[in-house]
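Per-entry structural report
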Amino acid sequence: MGMGWEELALYAAALLATGLVAGFIAGLLGVGGGIVIVPVLFLLFTALGVPEDVRMHVAVGTSLSTIVFTSYSSLRAHSRRGATDWALFRSWAPGIVIGVLLGTALAAFISGKSLTAFFGVVALLVAGWMAFSPTQLQLFPGLPTGLLKYLVTGLIGIVSALMGIGGGTLSVPTMTLSGYPIHKAVGTASAIGFLIGVPGTLGMIVGGWGHEGLPPLSLGFVNLLGLALILPASMLMAPVGARAAHALPVRGLKIAFAVFLVATAIKMLSSIWG
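Below or above, wherever it landed, is the structure these notes cover. (Residues numbered from 1 in each chain as written. Predicted model: local features only at pLDDT ≥ 70, side-chain atom pairs only at ≥ 80, totals over all residues. Heavy atoms only, no water.)

Attention now moves to the packing of aromatic side chains. Each aromatic ring pair is described using two quantities: the centre-to-centre distance and the angle formed by the ring planes. A full pass over the atoms with the stated rule returns four aromatic pairs. On the basis of an interplanar angle of 45 degrees and a centroid distance of 5.7 Å, the ring pair of Tyr72 and Phe194 is categorised as tilted. You can see Tyr72 sitting in helix α3 (residues 52-80) and its partner Phe194 sitting in helix α8 (residues 182-207), a full 122 residues away along the chain. By relative accessible area, which is 42% here, Tyr72 ends up partly exposed. Taking the relative accessible area as the measure of exposure, Phe194 reaches 30% and is therefore partly exposed. (Phe/Tyr/Trp six-rings, centres within 6.5 Å; stacked < 30°, edge-to-face > 60°. Helix = DSSP H or I, 4+ residues; strand = E, 2+ residues; numbered from the N terminus. Buried < 20%, exposed > 50% of the residue type's maximum accessible area, 1.4 Å probe, protein only.)

Structural data, given as structure tokens:
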């Protein structure tokens, strides 16, 4: 896909804005940037005329590449505060990695419509959780063990890879619903995000190698221009969002973000079936 200089400048500006918004919301609401980056990139690629069979794949792959760096930065901060449970991380790591590898392999073979539909449906579920979940809720007596542990962690890896999201969106609710302390859950999720990001990014590069219709400066399904512009902008704005969380009505903002997710998910699904 070719672009003139003017189109390329607008594209770069839109990517930069995506990073600013994603970083601010991630810091403000404590959600992973991927849940913002993927739908915004999908809308951007749609507007730019990126072919339907690759636009969602590139949105997911680019998001996973940013997670490698943002999760590592978050991990260092949480680890210094002793908020990362390394024993739990090691216990969950095999299932997560296997799940991510399966997820990226699946992403390389399924159609753009199928990947878009999957994100849209799961985004609706995430939006419902954000809007309606109680702050204190324990459904399970403890963290999963045995075969169930591998099933749960493998599922987290598969879904995260297919959606281009880090560990927090799925692993934090899994831990807190099992009675695990929230600060430890968030700190450990940052390590899980790094574990998802690295093999996920490599898998999307390999899976997208040689595809036609990719946006400019793409390495497989990872857009390098997107990574270069979204990453610094999101890391710049995440601390701003975190500070704003103490001054703004976060509950109301979570509901507003849930509405954004629902609207975006409906837009995605309507693009398939509309």
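Having put the structure on the table, let's press on.
Bringing α3 into the picture now. Compared with an ideal rise of 1.5 Å per residue, which puts 29 residues at 42 Å, α3 spans 43 Å between its outermost C-alpha atoms and is within 8% of the ideal. Of all the bends in α3, the greatest measures close to 30 degrees and is centred on Ile67. Remark: Gly82 follows α3 within two positions and exhibits a positive phi of approximately 70 degrees. (Expected span 1.5 Å × (residues − 1). Bend = angle between axes of the 7 residues up to and from the residue.)

Let us look at the side chain of Thr174. Positionally, Thr174 belongs in helix α7 (residues 168-176). For Thr174, a relative accessible area of 19% corresponds to the buried category. Within the local environment of Thr174, its side chain forms a polar contact with the backbone oxygen of Leu170, the two atoms lying 2.8 Å apart. When sequence neighbours within four positions are dropped, the list of residues in contact with Thr174 reads Trp92, Val152 and Ile156. (Polar contact = N/O pair within 3.5 Å; in protein donor to acceptor, adjacent residues only side chain to side chain. Contact = heavy atoms within 4.5 Å.)

Mapping Gly167 onto the fold places it in the loop between α6 (146-163) and α7. In contact with Gly167, other than residues within four places in its own chain, are Val172, Ala189, Ile192, Gly193 and Ile196.

A few words now on the environment of Met130. With respect to the secondary-structure elements, Met130 resides in helix α5 (residues 112-132). Here the alpha-carbon distance between Met130 and Ala263, two residues 133 residues apart in the chain, equals 14 Å.

So, on to the nonpolar core. Core analysis: the biggest nonpolar cluster contains 67 residues, and Ile35, Leu41, Met56, Ile96, Phe119 and Phe257 have the highest contact counts within it. Ignoring anything within four residues of it in the chain, the contact list for Ile35 reads Phe119, Met163, Ile165, Phe257 and Leu261. (Core = buried A, V, L, I, M, F, W, Y, C linked by side-chain atoms within 4.5 Å.)

A cluster of nonpolar residues, Tyr72, Phe194, Val198 and Leu202, forms a patch on the protein surface that exposes about 340 Å² of accessible area. The biggest single contributor to the nonpolar patch is α8, with three residues. Residue Leu202 is classed as exposed on the basis of its relative accessible area, which comes to 51%. (Patch = residues over 30% accessible without salt bridge, like charges linked within 9 Å, V, L, I, M, F, W, Y side chains within 5 Å. Areas by Shrake-Rupley, 256 points an atom, 1.4 Å probe, with all protein chains shown as cover. Salt bridge = Lys/Arg side-chain N within 4 Å of Asp/Glu carboxyl O.)

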